[in-house]
Amino acid sequence: MAAATGLLDADGSARPTIFAEMSALATRTGALNLGQGFPDVDGPATVARAAADAILHGHNQYPPGPGTAPLRAAIAAHQRTRYGIELDVDTQVLVTTGATEALAAAVLALTGSGDEVLMLEPSYDSYAAVVAMAGATRTTAPLRPTADGFRLDVAALERAVTPRTRLLLLNSPHNPTGAVLDRDELAAVARVAVAHDLLVVTDEVYEHLVFDVEHVPIATLPGMAERTLTISSSGKTFSFTGWKIGWVSGPAELVGAVRTVKQFLTYTSGAPFQPAVAHALTDPAALAWVDGLVRSLARRRDLLCAGLRDAGFDVVRPDGTYFVLADAAPLGAVDGAAFCRDLPGRAGVVAVPVSAFTRAGSPTHDALRTWVRFTFVKRQDVLEEAVDRLRAAFDPPVS
């Protein structure tokens with residue numbers, strides 16, 4: 001297992017993630033944790049009350065394996081109203097234990113030994129893990145930093161496809177870069193998928209958290225609905241990340257394959273949270289709260305980006321999510337991981353190295369070796385204090 005996946009150390013013990021390491025470092029040093037992306041303020045009170053009411057009214061036993069009917073109906077209504085995607089609630093929508101389970105079940109259901117899974121790089125760390133668990137091989141195409149944000153290298157994507165490529169794993173809005181693929185980039189991805197008859201799994205958990213740009217689900221593009229599984233969740237949209245209510249939707253035969261795997265993972269979960277999320281997806285007040293969150297996040301993004309620039313980082317302004325990537329090379333960094341391990345003691349702030357999201361030895365890994373990720377999904381006063389600490393720590397910036 002250790003040799004096959006890289007998830008275990010030689011003695012069989014679980015290898016801690018960089019996120020766990022950095023969060024423990026924040027706790028140990030008292031540093032402000034801008035490394036791990038979870039809000040420090042809960043979501044809408046009406047949604048929390050709906051969960052509490054569900055507990056008090058007996059929604060505490062196993063819900064149906066596919067998810068409760070009201071939640072599946074709310075998900076289908078969301079896709080229809082927002083994107084014009086029509087779904088059969090009984091066969092094309094599956095509720096999961098967060099988007100992470102949806103991704104794992106999809107990759108395990110659709111790939112195996114000998115298959116290649118093509119994904120964007122950098123990529124969220126669970127992608128590589130589930131591909132390894134499936135016995136498949138990860139291949140990558142880079143997102144590159146530009147003046148207009150991180151953008152997809154379309155030519156590299158086309159070159160990365162081989163006869164063994166079975167699945168294209170997409171993520172937009174993208175963690176960790178904050179990129180939101182535009183219509184031209186998505187059209188290029190769609191052309192590759194159709195030309196090579198690839199299945200597509202698209203992670204859209206940040207679909208609502210975009211700033212002055214449009215999120216376009218790739219399933220809405222010509223030729224894509226019949227080959228695309230779309231994954232999202234309530235955690236990022238409504239700031240209830242600990243509830244772990246996600247979902248996957250798409251063609252009935254693909255959703256059915258994911259359901260077959262999922263029943264041997266969690267089977268089902270989140271009984272009182274499912275009616276609360278159904279309420280959130282259909283309640284005008286909760287949806288208005290999300291609009292306010294987006295406006296607030298845009299302001300906090302700009303605050304953090306400006307502060308990082310003042311401290312001497314090179315910064316790429318994100319179009320979505322709640323992360324910003326910054327290059328620490330102007331501050332003398334030669335390795336992002338070493339920089340992040342030193343940062344709490346030097347500045348009282350925690351970040352995460354972008355190398356945690358890249359494949360060791362890849363051109364992207366080398367190109368982003370000195371880059372680090374910060375989150376701005378923290379209270380404004382926390383971000384202001386973090387910015388002040390970073391400015392003080394690197395004043396004047398190292399040339």
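Definitions and cut-offs
Residues numbered from 1 in each chain as written. Predicted model: local features only at pLDDT ≥ 70, side-chain atom pairs only at ≥ 80, totals over all residues. Heavy atoms only, no water. UniProt positions renumbered as here; feature names shortened; annotations may be inferred. Helix = DSSP H or I, 4+ residues; strand = E, 2+ residues; numbered from the N terminus. Rg over C-alpha atoms; globule rule 2.2 N^0.38 Å. Buried < 20%, exposed > 50% of the residue type's maximum accessible area, 1.4 Å probe, protein only. Contact = heavy atoms within 4.5 Å. Areas by Shrake-Rupley, 256 points an atom, 1.4 Å probe, with all protein chains shown as cover. Pairing = 2+ DSSP bridges. Lys, Arg positive; Asp, Glu negative; His and termini not counted. Salt bridge = Lys/Arg side-chain N within 4 Å of Asp/Glu carboxyl O. Polar contact = N/O pair within 3.5 Å; in protein donor to acceptor, adjacent residues only side chain to side chain. Core = buried A, V, L, I, M, F, W, Y, C linked by side-chain atoms within 4.5 Å.

- Per an unreviewed UniProt entry, the recorded name for the protein chain is Aminotransferase, and the organism is Cellulomonas phragmiteti.
- Heading Cofactor (unreviewed entry) of the UniProt record for the protein chain holds this comment: "pyridoxal 5'-phosphate".

## What to know about the overall build of the protein chain
- Looking only at helices and strands, the protein chain has 15 helices and 14 strands in total.
- Taken against the 2.2 N^0.38 rule, which gives 21 Å for 399 residues, the C-alpha radius of gyration of the protein chain at 21 Å falls within 12% of a compact globule.
- Counting only residues that meet the buried cut, the protein chain has 59% of its 399 residues in that class.
- Across the protein chain, contacts joining residues at least 24 apart in sequence account for 75% of those joining residues at least 6 apart.
- Counting every atom, the protein chain has about 15900 Å² of accessible surface; 54% of that belongs to carbon and sulfur.

## Some thoughts on the pairing of strand β14 (residues 371-375)
- Burial analysis of β14 places five of its five residues in the buried class, the great majority of the element.
- Of the two faces of β14, the one holding W371, R373 and T375 and the one holding V372 and F374 are both buried throughout.
- For strand β13 (residues 352-353) and β14, the ladder comprises two bridges, and the chain directions are antiparallel. The residue of β14 that forms the bridge with P353 is V372.

## Topic: the UniProt feature "domain: Aminotransferase class I/classII large" (unreviewed entry) in the protein chain
- In the numbering adopted here, UniProt assigns the feature "domain: Aminotransferase class I/classII large" (unreviewed entry) to residues 32-390.
- Taken end to end, residues 32-390 has its terminal C-alpha atoms 11 Å apart, with 42% of it in helix and 19% in strand.

## A few points about the side chain of R373
- Note on placement: R373 falls in strand β14.
- No salt bridge forms around the buried R373; measuring N to O, its nearest opposite-charge neighbour D125 is 7.6 Å away.
- Side-chain polar atoms of R373 contact the backbone oxygen of G35, separated by 2.8 Å.

## Notes on the environment of V387
- Within the secondary structure, V387 is located in helix α15 (residues 380-393).
- Placed 40 residues apart in sequence, V387 and A347 show a C-alpha to C-alpha distance of 9.6 Å.
- Filtering out sequence-adjacent residues up to four positions away, V387 remains in contact with L303, L304 and G307.

## A closer look at the nonpolar core
- Within the largest apolar cluster, 77 residues are counted, with the highest numbers of intra-cluster contacts made by V201, L229, L308, F313, F339, F374 and L390.
- For L229, the contacting residues outside a window of four places in its chain are A106, L110, V200, V201, T202, V248, S249, G250, L254, V255 and V258.
- L168, L198, L221 and L325 belong to the second largest nonpolar core, which has 29 residues in total.

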